[in-house]
Amino acid sequence: MIMEQADIFVEALNLTMFGMGFVFLFLTLLVFVTKLMSAIIRKLQARAINKYDSTTTLEQEIDEETKFVIEQAIKLHRGA
């Protein structure tokens, strides 16, 4: 009877350690995969920013009529 309880206790401890080890490994893998994805996204984003010509501004891209319409829409929205 005592031997059975000791065996059950050892099995429970064994199962607990394997379960906690699996969760630890999974979470560690998840952290590294997330860091890798973040690095890839940063690299792609930097490439996309470099492709965009930084000398053009928003005001240079918008013509006068579009600028006027946007200003009127903002005034209308604010109730002025």
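Residues numbered from 1 in each chain as written. Predicted model: local features only at pLDDT ≥ 70, side-chain atom pairs only at ≥ 80, totals over all residues. Heavy atoms only, no water.

1. Some words on helix H3 (residues 64-78)
Inclusion rule: Secondary structure elements are defined from DSSP: runs of H or I of at least 4 residues count as helices, runs of E of at least 2 residues count as strands, and each element is numbered from the N terminus. To estimate the expected span of a helix, subtract one from its residue number and multiply by 1.5 Å.
In this model H3 runs 21 Å from its N-terminal to its C-terminal C-alpha over 15 residues, within 8% of the 21 Å that 1.5 Å per residue would give. Trailing H3 by a residue or two, Gly 79 shows a phi angle of about 80 degrees, which is positive.

2. Regarding a negative patch on the surface
For the record, the criterion: Residues forming no salt bridge and having over 30% relative accessible area are the ones grouped into patches, like charges within 9 Å of each other and nonpolar side chains (Val, Leu, Ile, Met, Phe, Trp, Tyr) within 5 Å. Values of accessible area rely on a 1.4 Å probe in the Shrake-Rupley scheme; residue burial ignores everything except the protein chains shown. By convention in these notes, a salt bridge is any Lys or Arg side-chain nitrogen within 4 Å of a carboxyl oxygen on Asp or Glu. Charge assignment: positive for Lys and Arg, negative for Asp and Glu; neither His nor the chain ends contribute. A charged residue contributes its charge at one atom only: NZ of Lys, CZ of Arg, CG of Asp or CD of Glu.
There is a patch of like negative charges on the surface, built from Asp 63, Glu 64, Glu 65 and Glu 71. Along the chain, the position of Glu 64 falls in helix H3.

3. Some points on a nonpolar patch on the surface
Selection rule: With a 1.4 Å probe rolled over the protein chains alone, any residue whose accessible area is under 20% of its type maximum counts as buried; one over 50% counts as exposed, and the rest are partly exposed.
On the surface, a cluster of nonpolar side chains totalling about 540 Å² of accessible area is made up of Phe 9, Val 10, Leu 13, Met 17 and Met 20. Tracing the backbone shows Met 17 in helix H1 (residues 2-51). You can call Met 17 partly exposed: its relative accessible area is 48%.

4. Considerations on H1
Spanning 50 residues, H1 covers 74 Å between terminal C-alpha atoms, matching the ideal 74 Å at 1.5 Å per step. Here H1 lies mainly on the outside; zero of its 50 residues are buried.

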